[in-house]
Amino acid sequence: MIRFEQANVTYAGGVSAMRNLDLEIADGEFVVIVGLSGAGKSTLIRAVNGLVPLTSGNLDVNGHDVPNLDRKGRRALRSEVGMIFQGFNLVDRTTVLNNVLMGRLHQVPTWRTLIGKYPQADIDIAARALDRVEIVDRAYVRATNLSGGQRQRVGIARALAQEPKIILADEPVASLDPPTSHVVMKYLQQISRELGITTIVNLHFLDLATAYADRIIGLRDGELVFDGPGSAADENTFRDIYGRSLTADDTMAKQAAL
Ligand SMILES: Nc1ncnc2c1ncn2[C@@H]1O[C@H](COP(=O)(O)OP(=O)(O)OP(=O)(O)O)[C@@H](O)[C@H]1O
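A quick note: this is a predicted structure, and the numbers were derived from the prediction, not measured. Here the residue index of a chain counts from 1 through its sequence in written order. Local features in a predicted model are, by the rule used here, given only for residues with pLDDT of at least 70; side-chain atom pairs are given and counted only at 80 or more, and totals for whole chains, interfaces and linings are based on all residues.

Now for the overall build of the protein chain. Counting from the N terminus, the helices are the DSSP runs of H or I reaching at least four residues and the strands are the DSSP runs of E reaching at least two. The secondary structure content of the protein chain amounts to 10 helices and 10 strands. Taken over the C-alpha trace, the protein chain has a radius of gyration of 18 Å; the compact-globule value for 258 residues is 18 Å, and the two agree within 12%. Counting over 258 residues, the protein chain shows a buried share of 42%. It is the C-beta atoms, placed from the backbone, that decide contacts: two residues are in contact if theirs lie within 7 Å. Contacts in the protein chain between residues at least 24 apart in sequence constitute 66% of all its contacts with a sequence separation of at least 6. Our radius of gyration looks at C-alpha atoms and nothing else; its globule reference is 2.2 Å times the residue count to the power 0.38. Neighbour counting defines burial: a residue surrounded by 20 or more other C-beta atoms within 10 Å of its own C-beta is buried, one with 12 or fewer is exposed, and intermediate counts give partly exposed, using backbone-placed C-beta atoms.

Here it is as C-alpha cells:
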C-alpha cells in the first residue's frame with residue numbers, strides 16, 4: 001500500500017532528512033516511527049501525503065505515484081490521508097461537531113461548507129466518528145472548552161470523518177500527560193484494528209512505542225536503522241537507534257516519576 005523505493009529527501013540548505021529509504025507498509029498496519037529529534041520522522045510522514053517532495057526515488061501510496069502527481073492527483077491522495085497533529089489544530093471558537101465536519105471538506109461542495117450547510121449524511125458520519133472516541137456528548141460544546149485529551153480525541157474524530165485509508169499522526173501525545181497519552185494511543189490502535197486503517201505515528205517516548213506498535217521503524221540521520229515488531233525492540237535496540245544511552249526523558253513512565 002505504501003512503498004518507498006530508494007527515496008531521498010534533501011532540503012534546501014543541504015540537510016539529508018531521508019537517505020535511500022526502502023520501506024513497504026501493508027494495508028492496516030499500525031507503525032510507530034522513533035528516532036532522535038532531527039532523525040527524519042516528520043519528513044517521512046509528510047512525504048506520504050506529498051507535503052514534502054522526494055528529491056529522488058519512488059513513492060507509491062494507494063496506487064498514487066506521489067512524486068509525479070498533478071494538483072488533482074495530490075488532492076485525491078490527500079482526501080485518502082487523515083492527519084493528526086501534536087497541537088490538535090482545532091478551530092477554538094466553533095463547536096466540536098463543526099471541527100469534525102471539517103474532515104468532510106474533501107467530499108462536500110465548497111458552497112455548502114461556506115454557508116455551513118452540510119448534508120445530513122455528513123453530519124451522521126461526523127457524529128459516528130465522535131462516538132468512536134466517546135465524546136459525542138460534547139458535540140455542541142466549543143472546542144476551546146475542552147481538555148487537551150478531549151481536543152486530541154476531536155482531532156482523531158476529524159481525521160476519521162474523512163473516511164481515510166491512512167492516518168498519519170505526528171507526535172500526537174507530545175502535549176498530553178501520561179494517562180491521557182495512553183487513552184489517545186488506545187483509540188488510535190483500536191481504530192486502526194477495527195477499521196483496517198493503516199496508521200503511522202511518530203513518537204518520542206519509547207515505552208509508548210513498544211506498548212502500542214505492531215511494527216517499529218527506527219530512523220537515525222535520515223536512515224532506516226531498525227524495522228521490526230514492537231515486541232522485538234528492547235533497550236539495546238533503542239540505544240542503537242539513538243546512538244547514545246537512554247535517559248529518563250526517553251521514557252514516559254520514567255519522566256513522569258521524576
Ligand atoms: N523545511 C525544512 N528546511 C530545511 N531543513 C529542514 C526542513 N524540515 C526539516 N529539516 C531538517 O531535516 C532534518 C529532519 O527533520 P524532521 O523534522 O524530519 O526530523 P524529526 O525526526 O521529525 O525531528 P523532530 O522530532 O525534532 O521534529 C532536521 O535536521 C531538520 O532540521
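What follows picks up the thread again.
To decide nearness, the C-beta atom of each residue is placed from the backbone, and the residue is near a molecule or strand if that atom lies within 6 Å of it. Inspection of the region around the ligand gives Tyr11, Gly13, Val15, Ala17, Gly35, Ser37, Gly38, Ala39, Gly40, Lys41, Ser42 and Thr43 as its neighbouring residues. Per-element accounting of the shell around the ligand gives the leading share, three residues, to helix H1 (residues 41–48). Taken together, the residues that form the shell around the ligand break down as four nonpolar, seven polar and one charged. When residues are sorted by character, Ala, Val, Leu, Ile, Met, Phe, Trp, Tyr, Cys and Pro go into the nonpolar class, Asp, Glu, Lys and Arg into the charged class, and all the rest, Gly among them, into the polar class.

Here the focus is the packing of helix H6 (residues 148–161) against helix H7 (residues 178–195). Only the contacting stretch of a helix is used when fitting its axis, a line to C-alpha atoms as for every element, and angles between N-to-C directions run 0 to 180 degrees. In contact at an axis separation of 9 Å, H6 and H7 are set at 15° when each is read in the N-to-C sense. When the axis of H6 is compared with that of H7, the two are roughly parallel. Between H6 and H7 the crossing geometry is right-handed. Residues Gly148, Gly149, Gln152, Arg153, Ile156 and Leu160 of H6 form the contact with H7, whose own contacting residues are Thr180, Val183, Val184, Tyr187, Leu188 and Ile191. Grouping the amino acids of the contact of H6 with H7 by side-chain chemistry returns seven nonpolar, four polar and one charged. Roughly parallel means an angle under 35 degrees; roughly antiparallel means over 145; roughly perpendicular covers 65 to 115; every other angle is labelled oblique. Two helices that cross are described as forming a left-handed crossing if the nearer one is turned anticlockwise from the farther one by less than a right angle, and a right-handed crossing if clockwise.

Moving on: the nonpolar core. In this structure, Val32, Val48, Val100, Ala157, Leu168 and Ala209 are the most contacted members of the largest nonpolar core, which totals 76 residues. Top contributing element to this core by residue count: H6, with six residues. Leaving out residues up to four positions away in the same chain, Val32 has contacts with Val201, Leu203, Ala209, Tyr212, Ala213 and Ile216. The nonpolar core criterion groups buried Ala, Val, Leu, Ile, Met, Phe, Trp, Tyr and Cys residues into a set whenever they are joined through C-beta atoms within 7 Å.

The subject of this paragraph is the confidence of the model for the protein chain. Summing up the model confidence of the protein chain, the mean pLDDT is 93 and the portion of residues at 70 or higher is 97%. Interface confidence for the predicted complex, given as ipTM, is 0.97, next to a pTM of 0.95. pLDDT is a per-residue confidence score from the predictor, ranging from 0 to 100.

Right, let's talk about the environment of Ala232 for a bit. Mapped onto the secondary structure, Ala232 falls in the loop between strand E10 (223–229) and helix H9 (235–242). Taking the number of C-beta atoms within 10 Å as the measure of exposure, Ala232 has 12 and is therefore exposed. On a C-alpha basis, the gap between Ala232 and Thr210 in space is 8.6 Å, while along the polypeptide they are 22 residues apart.

Another aspect to go through is the sheet that holds strand E8 (residues 198–202). The strand order across the open sheet built from six strands is E6-E7-E8-E3-E9-E10, with neighbouring strands paired in mixed fashion. With one partner strand each, in any of the chains shown, strand E6 (81–85) and E10 form the two edges of the open sheet. Neighbour to neighbour, the strand axes of the sheet diverge by 15° on average, direction disregarded. Two strands pair if DSSP finds at least two bridges between them. Pairing of strand E9 (residues 215–220) with E10, which is carried by six bridges, proceeds in the antiparallel orientation. In the sheet register, Ile216 faces E10, and the bridge partner there is Gly228. Along the sheet face, H9 touches strand E3 (30–34), E9 and E10 and points at about 165° away from the line of E10.

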